[in-house]
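Next come the chains, spelled out residue by residue.
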Protein chains: 2
Amino acid sequence: MDALELIDVYWRAANYLSVGQIYLLDNPLLTEPLRPEHIKPRLLGHWGTTPGLNFCFVHLNRIIRERDQDMIYIAGPGHGGPAAVAHAWLEGSYTEKYPEITQDAEGMRRLFRQFSFPGGIPSHVAPETPGSIHEGGELGYALAHAYGAAFDNPDLVVACVIGDGEAETGPLAASWHSNKFLDRSSDGVVLPILHLNGYKIANPTVLARIPEEELVKLMEGYGYRPHIVSGDDPAVMHALMAETLDTVFDQIAEFKHGSADRLPMIILRTPKGWTGPAIVDGVPVEGTWRAHQVPLAAVRDNDEHRAMLEEWMRSYRPNELFDPEGRPVAAITETVPEGPRRMSANPHANGGELLRPLLLPDFRDYAVEVKAPAAAHSEPTRVLGGFLRDVIAANPVDFRLMGPDETASNRLSAVFEVTDRAWHAETLPTDENLSSDGRVMEVLSEHLCQGWLEAYLLTGRHGLFNSYEAFVHIVDAMFNQHAKWLQASKKIPWRRPVASLNYLLSSHVWRQDHNGFTHQDPGFLDVVVNKKAEVVRVYLPPDANTLLSVADHCLRSRDYVNVIVAGKQPVLDLFTMDEAVAHCTRGLGIIDWASNDEGAEPDVVLACAGDVPTLETLAAAALLREHLPELKVRVVNIVDLMRLQPPSEHPHGMSDDQFDALFTTDKPIIFNFHGYPWLIHRLTYRRTGHGNLHVRGYKEEGTTTTPFDMAMLNDIDRYHLVMDVIDRVPELGERAAHLRQRMVDARLRARAHTREYGEDLPEVRDWTWTPHADAR
Amino acid sequence: MDALELIDVYWRAANYLSVGQIYLLDNPLLTEPLRPEHIKPRLLGHWGTTPGLNFCFVHLNRIIRERDQDMIYIAGPGHGGPAAVAHAWLEGSYTEKYPEITQDAEGMRRLFRQFSFPGGIPSHVAPETPGSIHEGGELGYALAHAYGAAFDNPDLVVACVIGDGEAETGPLAASWHSNKFLDRSSDGVVLPILHLNGYKIANPTVLARIPEEELVKLMEGYGYRPHIVSGDDPAVMHALMAETLDTVFDQIAEFKHGSADRLPMIILRTPKGWTGPAIVDGVPVEGTWRAHQVPLAAVRDNDEHRAMLEEWMRSYRPNELFDPEGRPVAAITETVPEGPRRMSANPHANGGELLRPLLLPDFRDYAVEVKAPAAAHSEPTRVLGGFLRDVIAANPVDFRLMGPDETASNRLSAVFEVTDRAWHAETLPTDENLSSDGRVMEVLSEHLCQGWLEAYLLTGRHGLFNSYEAFVHIVDAMFNQHAKWLQASKKIPWRRPVASLNYLLSSHVWRQDHNGFTHQDPGFLDVVVNKKAEVVRVYLPPDANTLLSVADHCLRSRDYVNVIVAGKQPVLDLFTMDEAVAHCTRGLGIIDWASNDEGAEPDVVLACAGDVPTLETLAAAALLREHLPELKVRVVNIVDLMRLQPPSEHPHGMSDDQFDALFTTDKPIIFNFHGYPWLIHRLTYRRTGHGNLHVRGYKEEGTTTTPFDMAMLNDIDRYHLVMDVIDRVPELGERAAHLRQRMVDARLRARAHTREYGEDLPEVRDWTWTPHADAR
Ligand SMILES: Cc1ncc(C[n+]2csc(CCOP(=O)(O)OP(=O)(O)O)c2C)c(N)n1
Ligand SMILES: Cc1ncc(C[n+]2csc(CCOP(=O)(O)OP(=O)(O)O)c2C)c(N)n1
Ligand SMILES: [Mg+2]
Ligand SMILES: [Mg+2]
């Protein structure tokens, strides 16, 4: 057989196996006529995209073998799960990962049965699918993932099939420009294959229906060299695709060698549901939106449909594809690439196999010196910048810092002492810190930052995404999908652990001095804690040294999503480095110098999490110490938010005994929280003392104003906390009525000052902790 | 003065006023040399984008006057708030809305002082800004908003300035293709002005740095006729822009008349911070990223900087712009458009002024007949489809249905009996229901659906967005911003109420039979309830009739975000229409036919919210009635989730007395919830009976499996509920040990059945309510 015939054999086999997965419970080789009991009772899958995915798979396989090309495959239309599974089975890697799914008739039967079947495998290109780093359930991220995988993998080609429906999404539309961030020598190459099968679910697609001339301009405008492969005659199309791929890979080589500036891409125009039933019940199906899911719906009960299914499957000539034992014929097995060159077994698609631990400098070396607690200020993210700089220097090819142009604004600029921003478009003299192999990736698209990083991690590397706190909501949905991927992967023995996805959320809700209400939203934490406890972690270091300790911990971790919330504005230095390490290791603890209950029962617990709320809590403790010195106050700071949960809910959870000992079971707890207050209720509602818990936090009040005015707008300020204590400690109310009134007045005075002078009262703004005579 | 000179006068005035807002507390007309006390202590604003915004404003004003053009303005870089405010002040509408900000020196002083000042106005183009429907705080939505405003406003032009940074975002990149959904006769026109000032915050931008030839292809590929206006000499640029706008508006007229197929757009290339300080402290500022925020940072303390500021402001020659009393000179006031033609006073930008109540058919006419409770099935969204069809028919020019190609999949197809999908690209014979003026807008971009709808509503129209429940998270951030806009607007007397943003979330977490884990996420509700209670509403109608009642209510409401979660799969019909209306009006209630506690104290309360959880709860109640007939069970269904909160937390909140009466203060409450269980804890944690509340819900377990297996995976199934009752009703444990074991076995049997047959046990799947002898 010639090369194109071999390709056709493989394609027919993959198509046959795909249809089988969607429909059959049994009789996989059609050794007997199809009977109702061979058919699944519920037909759940998507045929429409599948023949196109299979077409790309087999053609790329030829290239891999001929050029010994390192390649992985991203199936944008991840609903075409049967294609990826068929491919892995034909390449033998499915059986390697799942030995019970043998490469024979019985294995084929199981392969068919398990698909979209209870207790079986998902309908999408899920973590369960060998060779996948992209599930494609939520559409939009295929191309961003492809680029993320290509960065710092200079010999890799990432083939990326993009559905014409997916191409309408925002994240995908933005992703084309990722080529401006790709370095020809240190990065690999992405080959986008825009799959115009004309339809999404029930509608035509924009890119399939604009004039071809416009589409070509669009792709050229995005900076690619488009190649059109269009038609529906398999033989013609095989020849055209093979020829085009030869050209395309020659152009890729030219690009790598510097003799071409633009990378190629392919526009593949084929019918939706290609090779499937042309007409069903009198209406056209192949080439229409009706082919999207299951072209023949009533196969079990309707004899005619069942006969059509059989005819359809037999049209692939299974006897030419599989031997009587159901094994793929030599024409197939001998043409698949070998070992790790198989896209279904490429280690890049199981990145943990390639993961190298980061070389981390000792974070203690970056510590801020703390001579007295809460007496001097640092900018936590600026301090962290020094550490990150040296992380980057020590790990020049597998650590990247992503952000939507906020690395400098978030005060991590120290990193630019050792690296630049990746940039491959024009550079002007007034630009700073741009170069082709920069480790910092800044694009004004949170989607791209997230998508690039996800795939960078899933292919075995490390990184951190710094974002304004409010705008990280833009990637809520992507976070959800990544967390789900991690959770599912944990149950798959052959998936190796990957580096955690680390978020640094700065420019947070309490310090939007320049911006205002649109920039005030701490709700990402609520989204995060909805995901399985085993994959999410949330940290709120209150000062520079705790931030260093937390960051080091997160960079070492695996298979989590770590969220760190930390300010860029000056905050008080609370902990020496040794104290910070202990505090972060515990995850929370009493701040003894701010408490006066040692050896006694506290009258009230002031709990706090987050830098600004902690500052206000300390200031409140100082006010209480001054005005109500006999009141026993315990100040507890929480860094690791998950400690608040019971151990049954989260692995970091604290036992009830510990919780009770720290927070008491019967004393008022005034909890000053960085985020929305109910999150604390949610984490603690099972605790004995929950009824005594009173939480302050962001309650969606805000505008462009001073930091202390923001605190007052949401009642997290020191004065209000003192009032909360007075209102809640039994019998204090009457005694402390004068003090309470002074607090009300202090708030009024503080507000009036902002209205008159535009800034906070110096006594508020410059407040530091004064050690008390009675302190240790 | 000739037209271009007049333009320059206005431009200088707007620039002067912009700088004044950023810097000055006093001395607005520079009648004396600038002294430190004239300068704001905190300089908070963004200069860089502002001169470009002002440039566009004034040039568009000329067009408005010359052509009597109805036009509104969307400032993508909303951080250029000073520009929009300056413009509104010059046009006189600022003073109309805020009489204390007079059009004279004292008014100018106040105008300057209030900007980004505590107690003043936000730094962005906020709801407070006359003429704005787009705040531009979170970047990405300018162009989608522009199109949403243009739909069904045939005479309107929406000018939309897009920052080259914003253009990197996903939503913006997708928005260009909105032109495929715009009808030349029934819709208005969007004029995109891509503002290449070269930088975002600290980085160059992609579109400013690709070869111009590529950029032009990109815009042509998007289907526009690009016009380049590039330079930095004001005089030259005024001439060029004026000439270009003349051409552009001629081309718009051609398009409207059908003699051109493509609409124009403008590529405006000007220096960032144009006309600002060229060099500060030895480094270039104008034309660089350093101009993004405040070019001169130390104006209060640094005499040199202060002198530069004064020189900069005087460079606009204020004495030519304002008379000695500070009033804009005639050359300005006489060239601004009149009345509602002023972009700062155009009623489209305060859409409530134009809002017409929907003509709603009587939803009762669409009721499903319910002869016996829970005995027959309907598909709620299919029933709703009939109602929506007639809503569309009755409101042909101000109601739209948006969705990411899921209108049919979500079973709302009845709408296609009276309308089509809007579509202006090529159509093939196999397509269905496409036409140029369709009321249904389907694009595979949740961002576009949301963005279009937001602006459609803010310009005074109505609509509904139907989405898969899981993927609505894609627009979490946009929802946040819209809710904030609504909240802020409520405090602004001149902003008139607009129609609510209605979400219909279908294809929900419990019925992802085709898809699986990636499609299972009910967490949007958690995001929604983080926003101010006064603007958010959440409804979980359990059957078709309650869905009709809820939908009618939502379509009539104003200034809210309403979230309706409703399944498309068959569910039991629970309520007759009269019952449904009563139930929805109450927001929750006892289902008496499913309860047997009448006249007695219940032993347990079974609460439920959401269609699938309600079904399982009813089945559990039936099991309890059968096996433990002496147990007094009360079944409570919640439609309006906000009823669970105290009235202090939400306007729909129920008093403690009512809550206690319904849920008891001391009996176990087993709450079966559609979403993540902790949301119920969060809403009820202040209630007396909260300690007895046990919530079941989605706990992030799932895959492609049967509906009942999904329920079992998350322990919301009938059998588990019975076990929960046994475990929690005091003393039942011992007595009911046999029953408990039978429930465990029933789960095992149900699961085993799915594993063997691929579908749910018929007895489970086909379960209906059997009226009991003891029922009333
Ligand atoms: C973000 C998102 N919105 C909606 C869906 C629902 N959905 C599943 S498949 C599909 C159509 C996909 O069309 P296309 O990308 O062209 O794939 P193909 O035609 O190859 O199946 C849609 C809208 C989704 N998966 N993700
Ligand atoms: C989604 C989002 N991410 C990040 C930011 C932070 N941010 C504010 S302004 C800005 C740069 C905007 O650049 P551009 O759109 O070119 O506006 P201009 O240059 O006219 O100021 C950024 C990144 C934001 N506002 N929104
Ligand atoms: Mg398609
Ligand atoms: Mg810009």
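Up top is the structure these notes are about.
The model shown is predicted, which means the values in this text are computed figures rather than measured ones.

Help me out: how do you make sense of the overall build of chain A in this one?
Secondary structure assignment for chain A yields 27 helices and 22 strands. A compact globule built from 776 residues should have a C-alpha radius of gyration of about 28 Å, and chain A, at 30 Å, falls within 12% of that. Structurally, chain A occupies a C-alpha span of about 95 × 65 × 45 Å along its principal axes. Looking at chain A as a whole, 71% of its 776 residues are labelled buried. Once local pairs closer than 6 in sequence are excluded, the contacts in chain A between residues at least 24 apart make up 78%. Accessible surface for chain A amounts to roughly 22,800 Å². Of this, 50% is attributable to carbon and sulfur atoms. Positive and negative charge centroids in chain A, built from 73 and 108 side chains respectively, lie 3 Å apart.

Please explain the state of the cysteines as it appears in this structure.
As used in these notes, a disulfide is a covalent bond between sulfur atoms, one from each of two cysteines. Residue and element names in this part refer to chain A. Taken as a whole and judged by the stated rule, the model has 0 disulfides over all chains. Considering cysteine sulfurs only, Cys160 is the nearest to Cys449, which forms no disulfide, with 18 Å between them. Take Cys449: its relative accessible area is 0%, and that puts it in the buried class. Looking at the unpaired Cys608, the closest cysteine sulfur is the one in Cys584, lying at 13 Å.

Before we go on, may I ask you to explain the site of ligand 1 in this structure?
Surrounding ligand 1, one finds 23 residues, the nearest of these being His79, Asp164, Gly165 and Lys272 of chain A together with Glu446 of chain B. The residues that come close to ligand 1 belong to more than one chain, namely chains A and B. Within the contact set of ligand 1, a nitrogen atom lies 2.8 Å away from a backbone nitrogen or oxygen of Gly137 of chain A. Between ligand 1 and Lys272 of chain A, the relevant distance is 2.6 Å, taken from an oxygen atom to a side-chain nitrogen or oxygen of the residue. Relative to its unbound accessible area of 590 Å², ligand 1 is 98% covered by the protein chains. Looking at side-chain class alone, the shell around ligand 1 contains 9 nonpolar, 7 polar and 7 charged residues.

Can you help me understand the site of ligand 2 in this one?
Around ligand 2 sit 23 residues in total, of which Glu446 of chain A together with Thr49, His79, Gly165 and Lys272 of chain B are the nearest. Leu139 of chain B places a main-chain nitrogen or oxygen 3.1 Å from a nitrogen atom of ligand 2. Gly165 of chain B is positioned with one of its backbone polar atoms (N or O) 2.7 Å from an oxygen atom of ligand 2. Burial of ligand 2 by the protein amounts to 98% of the accessible area it has alone, namely 590 Å². Classifying every residue of the shell around ligand 2 gives 9 nonpolar, 7 polar and 7 charged.

Which parts of the structure should I look at to understand the sheet that holds strand β4 (residues 224–230) of chain A?
Backbone hydrogen bonds are what pair the strands of a sheet, in a parallel or an antiparallel way. All names here are of chain A. What the 5 strands build is an open sheet, ordered β1-β2-β3-β5-β4; its pairing is parallel. One side of each edge strand has no neighbouring strand; the edge strands of this open sheet are β1 (70–75) and β4. Strand-to-strand twist of the sheet, defined as the mean angle between neighbouring strand axes without regard to direction, takes the value 20 degrees. Summarising the sheet, β1 and strand β2 (residues 156–163) pair through 6 bridges and their orientation is parallel. Bridge pairing in β2 places Asp70 opposite Leu156. Each of β1, β2, β3 (189–196) and β4 is contacted by helix α6 (residues 142–150), which is oriented at about 175 degrees to β2, the strand it contacts most.

Help me understand the sheet that holds strand β21 (residues 669–673) of chain A in this model?
Residue and element names in this part refer to chain A. Taking strand neighbours across the sheet as the criterion, the 5 strands line up as β18-β20-β19-β21-β22 in an open arrangement whose pairing is mixed. Looking at which strands have only one partner, the edges of the open sheet turn out to be β18 (588–590) and β22 (693–696). Here the average twist between neighbouring strands, direction ignored, is 20 degrees. Taken together, the 5 bridges between strand β19 (residues 604–609) and strand β20 (residues 633–638) define a ladder with parallel strand orientation. The residue bridging Val605 from the neighbouring strand is Arg634, located in β20. Contacting β19, β20 and β21, helix α20 (residues 611–627) runs over the sheet at an angle of about 155 degrees to β19.

Help me understand the pattern of salt bridges in this model?
Here the idea is simple: oppositely charged side chains can pair when their charged atoms come close. By the definition in use, this model includes 124 salt bridges over all chains. Where Arg421 of chain A meets Glu442 of chain A, a salt bridge forms, and the shortest distance between an N and an O atom there is 2.7 Å. Of this pair, Arg421 of chain A sits in strand β10 (residues 421–422) while Glu442 of chain A sits in strand β12 (residues 440–442), and the two are 21 residues apart along the sequence. On the accessibility criterion, Glu442 of chain A (1% relative accessible area) is buried. Residues Asp552 of chain B and Arg556 of chain B are paired through a salt bridge, measuring 2.9 Å at the closest nitrogen-oxygen approach. Here Arg556 of chain B and Asp552 of chain B lie together in helix α18 (residues 544–556), a separation of 4 residues that amounts to about one turn. Linked by salt bridges that have partners in common, Arg696, Lys699, Asp715, Asp717, Asp724, Arg728 and Arg747 of chain A make up one network.

Whenever I open this one, the relation of the copies chain B and chain A confuses me. Can you help?
One copy of the chain maps onto the other through a rotation about an axis plus a displacement along that axis. Overlay of chain B on chain A (RMSD 0.0 Å): rotation 180 degrees, translation along the axis 0.0 Å. Between the two chains, the operation in question is that of a two-fold axis. Rotation axis and chain B: the residue whose C-alpha lies nearest the axis is Gly170 of chain B, separated from it by 1.9 Å. Interface overlap between copies is the fraction of interface residues in one copy that are interface residues in the other; for chain B against chain A it reaches 100%, indicating a shared surface.

What counts and how
Residues numbered from 1 in each chain as written. Chains lettered and ligands numbered in written order. Predicted model: local features only at pLDDT ≥ 70, side-chain atom pairs only at ≥ 80, totals over all residues. Heavy atoms only, no water. Helix = DSSP H or I, 4+ residues; strand = E, 2+ residues; numbered from the N terminus. Rg over C-alpha atoms; globule rule 2.2 N^0.38 Å. Buried < 20%, exposed > 50% of the residue type's maximum accessible area, 1.4 Å probe, protein only. Contact = heavy atoms within 4.5 Å. Areas by Shrake-Rupley, 256 points an atom, 1.4 Å probe, with all protein chains shown as cover. Lys, Arg positive; Asp, Glu negative; His and termini not counted. Charge placed at Lys NZ, Arg CZ, Asp CG, Glu CD. Disulfide = S-S within 2.5 Å. Near = heavy atom within 4 Å. Polar contact = N/O pair within 3.5 Å; in protein donor to acceptor, adjacent residues only side chain to side chain. Nonpolar A, V, L, I, M, F, W, Y, C, P; charged D, E, K, R; others polar. Pairing = 2+ DSSP bridges. Axes fitted to C-alpha atoms, helices over the stretch in contact; angles between N-to-C directions. Salt bridge = Lys/Arg side-chain N within 4 Å of Asp/Glu carboxyl O. Least-squares fit on C-alpha atoms with pLDDT ≥ 70 in both.

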